[in-house]
Amino acid sequence: MGKKEDVKDIIWEIWEISINAKRFLKYSFYLHKPDTKEELEYLRTSRDFQFIAQALWQNAVIELSKLFSNSKNRDKFNIFHFIKKLEKNGHFSGFEISQNKINNWYTNIEESRETINLIIKLRDKVYAHTDGYLEKKGLDTPTFEQTLKLIDIVESVIEEIHSSIFDTQAMMNSRHLEFNPSKILKILAREREIRISARKGLLKKL
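Below: a short report on this structure.

Rules behind the numbers
- Residues numbered from 1 in each chain as written.
- Predicted model: local features only at pLDDT ≥ 70, side-chain atom pairs only at ≥ 80, totals over all residues.
- Heavy atoms only, no water.
- Helix = DSSP H or I, 4+ residues; strand = E, 2+ residues; numbered from the N terminus.
- Buried < 20%, exposed > 50% of the residue type's maximum accessible area, 1.4 Å probe, protein only.
- Contact = heavy atoms within 4.5 Å.
- Areas by Shrake-Rupley, 256 points an atom, 1.4 Å probe, with all protein chains shown as cover.
- Patch = residues over 30% accessible without salt bridge, like charges linked within 9 Å, V, L, I, M, F, W, Y side chains within 5 Å.
- Salt bridge = Lys/Arg side-chain N within 4 Å of Asp/Glu carboxyl O.
- Lys, Arg positive; Asp, Glu negative; His and termini not counted.
- Charge placed at Lys NZ, Arg CZ, Asp CG, Glu CD.

## Side note on the overall build of the chain
In step 1: The number of helices and strands found in the chain is nine helices and zero strands.
In step 2: Mapped in sequence order, the helices and strands of the chain form the string α-α-α-α-α-α-α-α-α.
In step 3: Going through the 206 residues of the chain one by one, you find that 37% of them count as buried.
In step 4: Counting contacts in the chain only where the partners sit at least 6 residues apart, residues at least 24 apart contribute 69% of the total.
In step 5: About 13,000 Å² of surface is accessible on the chain, with carbon and sulfur atoms providing 50% of the total.

In structure tokens, the structure reads:
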């Protein structure tokens, strides 16, 4: 297998992980901050959706950890190792990705270092393992906005690779990758309001 095929295989795996992380984040975000008061009230009274929202967030953290962990043995498709291979003396240096572009990726990663560290700690100490109280104590949680910045970094790498090496455009906003977490929640919230209104109407008649 040639190096171009190697890059294709690696970037595809990175893309799939980032898609999963983005989906988990988008759905989790909506279940925490929906569009309407009716949806928010429905979520407040639904243990099932509270559990789902937390599970989605945990899965987002685990997927992002695969992309941003420094462990060579545990996270094969992390973005650090891939970018390093693109540098002047790296395995994929022959593709001549702009050093300015590579430096910009490193800068963006460093700017999100605090978020990355929190993600890794949450994965290692809370979601993927069961550590004691002292190990978990004081662990913060990054915001959705902070975690989405990590997705932006990965998508920037994917787009550059597709453009520079494969002379194609990575369809990051393809309709096949659209997310619509609001649809089912709006239906359920509306049905709840109908039931409440019907119950109130019945009580008035009594």
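## Structural notes on a negative patch on the surface
In step 1: Among the surface-exposed residues, Glu5, Asp9, Glu13 and Glu16 lie close enough to one another that they form a single negatively charged patch.
In step 2: If you trace the backbone, Asp9 turns up in helix 1 (residues 3–32).

## Overview of the pattern of salt bridges
In step 1: Throughout the structure, instances matching the rule amount to eight salt bridges.
In step 2: When the shortest N-O distance is used, the salt bridge between Glu63 and Lys66 registers 2.9 Å. Taken together, the residues Glu63 and Lys66, both in helix 3 (residues 47–68) and three residues apart, mark about one turn of the helix.
In step 3: Judged by relative accessible area, Glu63 falls into the buried class, the value being 9%.
In step 4: Arg113 is the salt-bridge partner of Glu110, the closest N and O atoms lying 2.7 Å from each other.
In step 5: Classification of Glu110 by relative accessible area gives partly exposed; the value is 49%.
In step 6: Connected through shared salt-bridge partners, Asp35, Glu39 and Lys186 make up one network.

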